[in-house]
Amino acid sequence: MVFAAPNDAVARAEGVLGTDPPPLHASVAHQVIGIWQRDWGDMRIALRHLRRARDLAARAESAEREADVLGTLGVALVHAGRTRQGLAAFERGVGRGSGHTRARVLYRRAYAWWVLGHHREALEDVRKAIPVLRQADDVIWTARALTLRATVHLALGAVERAEADFTAAEALWDTTGQEHDKADAVESRGLAAFRSGDVPVALRLLDEAEERYAKLGTPTFMLNIRRCEVLMAAGLAPEALAEADAAIGVLDGIGGQSTRKAELLLGAARAARLSGDPHTAIARADLAVRLFAAQRRGWWETHARLVLIEARVAAGRGSGRLVADAAAVADRLAAFGAPAAPEASLLAGRIALGLGWTADAERHLAVAARSRHSGPPLARVTGWAAQALSARAAGSGRGVLEACRRGLDVLDDHRMTLGASELRARATEQGAELAALAQQASLARGGPRRLLEWSERWRATVLSAPPTRPPADPALLSGMTAYREIAARAEEARRDGRPVPALEREQRRLEREVRSRTLHIRGADPGGGDRFDADRLLRRLGDDVRLLELAVVDGRVHVLLCARGRVRRWAAGLLVDAEREAEYIQAGLRRLAHPGAEGRLPVVEAAGARLEELLFGPAAGQLGSGPVVVVPPGRLHRVPWALLPSLRERVLNVSPSASSWLRARETAPRPGGRHVLVRGPGLATGGAEVPELVDRYGTPVVLEHADARVPRVLEELDGAALAHIAAHGTFRADSPLFSSLRMADGPLIVHDFERLDRSPYRIILSSCDTARFASVGADELLGLVTALLPLGTAGVVASSAPVNDAAVVPLMLALHKGLSTGLSLAEALRDARTALPGDAVHQATGWAFTAFGAA
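Described in the following lines is the structure provided in the data block. Computed from a predicted model, the values in this text were never measured in an experiment.

What about the overall build of the protein chain?
Counting its regular elements, the protein chain contains 37 helices and 16 strands. A compact globule built from 855 residues should have a C-alpha radius of gyration of about 29 Å, and the protein chain, at 31 Å, falls within 12% of that. Across the 855 residues that make up the protein chain, the buried fraction comes to 59%. Restricting to contacts in the protein chain with at least 6 residues of sequence separation, those with at least 24 account for 71%. Within the structure as shown, the protein chain displays about 32,500 Å² of accessible surface, and the carbon and sulfur contribution to it stands at 49%.

Written out as structure tokens, the structure is:
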């Protein structure tokens, strides 16, 4: 019963012990309590009960009972970090047992070998156990043994063998009532999906396993470890670190398994390194190394040493000693048959390159590069990164670019298996090094056009195709509706001054549920979207329009000016200086949104001039007099471009990538599309521009008051020619896809927009902060605007800063006046700025709004 209904089993065992049972029965009861404590409770209590069970079995003079308990005790001792004692218990158990019982002990020892990282010994023991268990028609233990063998195969990279064993085990589990083992089988299938490169399915199965465990009321430390691994591969390292640290806290609180704590520390170290926190990574990895060493777990200790070296390099501690250490780790991992061996060789080669040790670097990189043709996607990317670095060390620019192209092609295919835009965006981080290497090679030898092509190759890729949406997911839709209702109730309670902690907790729970379900969605597009074509871009730009793509190479901004059939390059300032100036300007705009800050206006304008010099350098004098398109990197998304002196009086569009601008330029509106005007609640002006716009558009769809509810708003926005939404906007830096516009029934979030079949051809967001984004992955942006662009929107007007509600009204009216005469969004916005009063509040409001796209 202990793996079918754990808590009931313990209650029954305690009931048996309360009846003064004979030694044989008492041995079974103590063993059950020991198993429960071992897997879900206090190891000290577990060992006390299991030793008592062993002694009672000996008193009962039952060799088979004693062997069985020794197998359970051996596992507990290994999990407690007492490896020698555990292996000795197994040795006695194998000697005392026979036939069926001995096969169960062999299975348990195989499990312990797996925990210790001795995979060949694990396979040998489980190979001996399975035929005997099958012959005895022991369905439960045969299924356990098949599951274990599959897990060992996964650790060695043999995914197909693992899947065959998982399938066979699951067929057996379906005939039993072993609920905990069934949950473990689902968890294991999730791990297999991850190892084969299917992140969405892995996340879905791990979430399903967690739901099953929750019904049993048992902790899930192994699941935590596996989910951390999947989250890191999905680019969600901060979440992985939080999960690992939380699980360590729970494990410490109950006095749980030392082995699991070491594995969680290893996961936390990896996550901290990927989160850009090398010092936390060093601390976690160092402790993990010491625990694994004390537990005599060489496989695990070597993996922890790899992370420790990676973290030390990230902290700037590259040295010849670390080259030797990384090479030694690579050799040990290769001897273990661990799939991580190429990562260690790549690390050794990378450190050696940094020290100028070219011959050593090429030797290590050649070993790592062998993984580029086989294995899961991220392993192949490691191989192509090694090949690119090797080519650079040999002075072959062509070899660098070819390796980068092949590696990014692998990542493109992987990225498009992900249905959620968030996962697609974060997955690009895996290609950041390849993209940077290609840009460096292009800058050194390829000329401006090649640098443009490589800058586009890995920029704003999430916009190349819309996110995949299931045709109907009732659970997701119901979760979003519940989230909206709770968020609206919380907002109302805040306005009334009532306490909201309970509502906020429920809102966060629903957020997690919605996000989790979106991450489960698999991609439907086998391709990576259209490839960038510089000639096509130059033809579209014609003679009048100039496009400035800002590429960042080794921390410096390079301006690629595309116009009149050619691409030219100028070097500008440092990215870090430009970011600092942009933040300073944003602070000034926030002040200028309120009356009484007029004295800040010249200060902000002067900062705009400094920022232009940093971003454009000499290119600012080459813009001519025509329209300009600016394509900034993700880290400069908060720049108010209209404030820059050379752009202030221009027709100006901003686009996340040149490819995105091209798609917007070539997007045609649906004939006869409707005009939709939406007015949300709680605006200081009441959305005063909306009633005045009704007459301008004849018979538009007007949604306000109770009609401005999310389902109705989405219905009318779908396929509209023009939408104007006046509503309170909220940007969520912590969770950008929950950034929202407030409607009558609660927040209209980015996930809602992603459900549109075709978003409006043009959309005007008359709200604060609607053009703010989260910069994630290699060079990706997540937010309201970027949700609309892949779904058919060709042009968006939105603000990158808080704005004065009253000053927005005349700007919006002037903007629509221009649109009604046939102007584009960018043209109408330029004219609307010049029509505003000259005071500081109105000027700042005009600068805060930007036209995105090309409509």
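Back to the write-up after that little detour.
A look at the nonpolar core
Grouped together as the largest cluster of nonpolar side chains are 134 residues, with contacts concentrated most on Trp114, Leu148, Val199, Leu333, Cys404 and Leu423. Ranked by the residues each element gives to this core, the list is headed by helix H6 (residues 99-116), at 11 residues. Every residue in contact with Leu423, bar those within four places of it in the chain, is listed here: Val199, Leu203, Ala234, Leu236, Leu418 and Leu519. By size, the runner-up hydrophobic cluster in this structure holds 100 residues, among which are Ala572, Ala582, Leu741 and Phe753.

Some thoughts on the side chain of Gln586
Take Gln586: it is sitting in helix H28 (residues 575-592). Given the relative accessible area of 0%, Gln586 is considered buried. Setting aside residues no more than four positions away along its own chain, Gln586 makes contact with Arg638, Pro640, Ser800 and Ala801.

Considering unusual backbone geometry
In this structure, Arg296 takes a positive phi of about 60 degrees despite not being glycine. With respect to the helices and strands, Arg296 occurs in the loop between helix H15 (278-294) and helix H16 (298-314). Classification of Arg296 as partly exposed rests on a relative accessible area of 43%. Backbone geometry places Asp554, a non-glycine residue, at a positive phi of 50 degrees. Position of Asp554 relative to the elements: it lies in the loop between strand S1 (546-553) and strand S2 (556-563).

Overview of the packing of helix H8 (residues 139-155) against helix H10 (residues 179-195)
At a minimum axis separation of 11 Å, H8 and H10 run at an interaxial angle of 20 degrees. As summarised for this structure, H8 and H10 are arranged roughly parallel, according to the angle between their axes. Between H8 and H10 lies a crossing of left-handed hand. Packed against H8, whose contacting residues are Arg144, Thr147, Thr151 and Leu154, the element H10 presents Asp181, Asp184, Ser188, Leu191, Ala192 and Arg195 at the interface. Classifying every residue of the contact of H8 with H10 gives three nonpolar, three polar and four charged.

Some details on the sheet that holds strand S10 (residues 740-743)
Strand order in the open sheet formed by three strands is S9-S10-S11, and the pairing between neighbours is antiparallel. Strands with a single pairing partner mark the edges of an open sheet, and in this sheet they are strand S9 (729-730) and strand S11 (746-749). Strand direction decides the pairing type here: S9 and S10, joined by two bridges, are antiparallel. Bridge pairing links Thr730 to Ser740 in S10. The strands touched by helix H25 (residues 474-496) are S10 and S11; relative to S11, the strand with the most contacts, the crossing angle is about 130 degrees.

Criteria and thresholds
Residues numbered from 1 in each chain as written. Predicted model: local features only at pLDDT ≥ 70, side-chain atom pairs only at ≥ 80, totals over all residues. Heavy atoms only, no water. Helix = DSSP H or I, 4+ residues; strand = E, 2+ residues; numbered from the N terminus. Rg over C-alpha atoms; globule rule 2.2 N^0.38 Å. Buried < 20%, exposed > 50% of the residue type's maximum accessible area, 1.4 Å probe, protein only. Contact = heavy atoms within 4.5 Å. Areas by Shrake-Rupley, 256 points an atom, 1.4 Å probe, with all protein chains shown as cover. Core = buried A, V, L, I, M, F, W, Y, C linked by side-chain atoms within 4.5 Å. Axes fitted to C-alpha atoms, helices over the stretch in contact; angles between N-to-C directions. Parallel < 35°, antiparallel > 145°, perpendicular 65-115°, else oblique. Left-handed = near helix turned anticlockwise from the far one by under 90°. Nonpolar A, V, L, I, M, F, W, Y, C, P; charged D, E, K, R; others polar. Pairing = 2+ DSSP bridges.

Remember, this is a structural readout, not a statement about activity or role.
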